Amino acid sequence: MSGDCSPHPSEERDGSVLQLTDTRRLGPRQRSPLLRVLPSKAVASAAGGKRSKVPSTLVGHSCFTFNNKREPDVQELIRKGVEVRERSYSPYSKFKVGSAILCADNTVVTGCNVENGAHGSICAERSAVVKAVSEGKREFQKVVVVADKLENQFTAPCGSCRQFIIEFGTGTEIFLSPPDMSEVLVTSIKEILPLHFTLTD
């Protein structure tokens, strides 16, 4: 994914269209390019539980919708993210975010965003990571982020949250979903934080 601030043209392959957003139009949480899903036959076909196809230049990202048999563990994890999102303390932005982490021991830890007038706000993802670490859990299988879409864009972790997550492993899957779980974008922490810093670097 490019890090410049110029608009990126949409790319098309096998009827599936995805577009990187113009970073100049993103809010404070979204300073890096995110995937923007546009109407396409591939996305529409996802209603049957199939993953939509993505351009070869965006390997590692795909979208899907749930049916009754598809990935029940992910579905339940997102539900927990939806639930904890309602506990968000966000009187300044009015933007609620929930996060749920599936740890290596298969336990689930959740967190929501907590804002503060002194600009010491904490994102939902970091809230969940800090809680997990305080409970002795330092390996994560999956991280879910639940928030409203803005102009059909998924809400992804900010840069600080990405570093927080990758600090405890590079193999973590990331799932982005709106509260209604109508569509889910799945990627990995390595994909959304290339050239990352670790203690072994």
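Refer to the structure printed above.
Structural notes, computed from the coordinates. Just so you know, these numbers come straight off a predicted model, no measurement behind them.

Here is what the cut-offs are and how they apply
Residues numbered from 1 in each chain as written. Predicted model: local features only at pLDDT ≥ 70, side-chain atom pairs only at ≥ 80, totals over all residues. Heavy atoms only, no water. Helix = DSSP H or I, 4+ residues; strand = E, 2+ residues; numbered from the N terminus. Buried < 20%, exposed > 50% of the residue type's maximum accessible area, 1.4 Å probe, protein only. Contact = heavy atoms within 4.5 Å. Areas by Shrake-Rupley, 256 points an atom, 1.4 Å probe, with all protein chains shown as cover. Pairing = 2+ DSSP bridges. Salt bridge = Lys/Arg side-chain N within 4 Å of Asp/Glu carboxyl O. Expected span 1.5 Å × (residues − 1).

1. Section: the overall build of the protein
A count of helices and strands for the protein gives five helices and nine strands. When the helices and strands of the protein are read in sequence order from the N terminus, they spell out β-β-β-α-β-α-β-β-α-β-α-β-β-α. Out of the 201 residues belonging to the protein, those deemed buried represent 49%. Expressed as a percentage of contacts within the protein between residues at least 6 apart in sequence, the contacts between residues at least 24 apart total 58%. Accessible area of the protein: about 10100 Å², with a carbon and sulfur share of 53%.

2. Some details on the pairing of strand E6 (residues 108-112)
Taken residue by residue, a regular strand's side chains alternate between the two faces of the sheet. In terms of burial, E6 is largely enclosed, as four of its five residues are buried. One ladder, built from five bridges, connects strand E5 (residues 97-103) with E6; its direction is antiparallel. Across the sheet, Leu-102 pairs through a bridge with Val-108, a residue of E6. Linking two consecutive strands that pair antiparallel, namely E5 and E6, is a turn of four residues; a positive phi of about 70 degrees is found at Asn-106 within it.

3. Concerning the pattern of salt bridges
In the structure shown here, the tally under the stated rule is nine salt bridges. Across the pair Glu-86 and Lys-96 runs a salt bridge, and its minimum N-O distance is 3.4 Å. Here the residue Glu-86 occupies a position in the loop between helix H2 (72-85) and E5, and Lys-96 occupies one in the loop between H2 and E5, the gap between them amounting to 10 residues. A residue is classified by how much of its surface remains accessible, and Glu-86, at 48% relative accessible area, is partly exposed. The network of salt bridges with shared partners includes Arg-85, Glu-86, Lys-96 and Asp-148.

4. A word on the environment of Val-133
Inspection of the secondary structure puts Val-133 in helix H3 (residues 124-134). The spatial distance from the C-alpha of Val-133 to the C-alpha of Val-109 is 9.8 Å, given a sequence separation of 24 residues.

5. Some thoughts on the environment of Gly-81
Within the fold, Gly-81 resides in helix H2. A sequence separation of 31 residues divides Gly-81 from Cys-112, and the C-alpha atoms of the two residues are 8.3 Å apart.

6. Observations concerning H2
Since the α-helix advances by 3.6 residues per turn, residues separated by three or four positions end up pointing in the same direction. The end-to-end C-alpha separation of H2 is 20 Å, in line with the 20 Å expected for 14 residues at 1.5 Å each. Listed in full, the buried residues belonging to H2 are Val-74, Gln-75, Leu-77, Ile-78, Gly-81, Val-84 and Arg-85.

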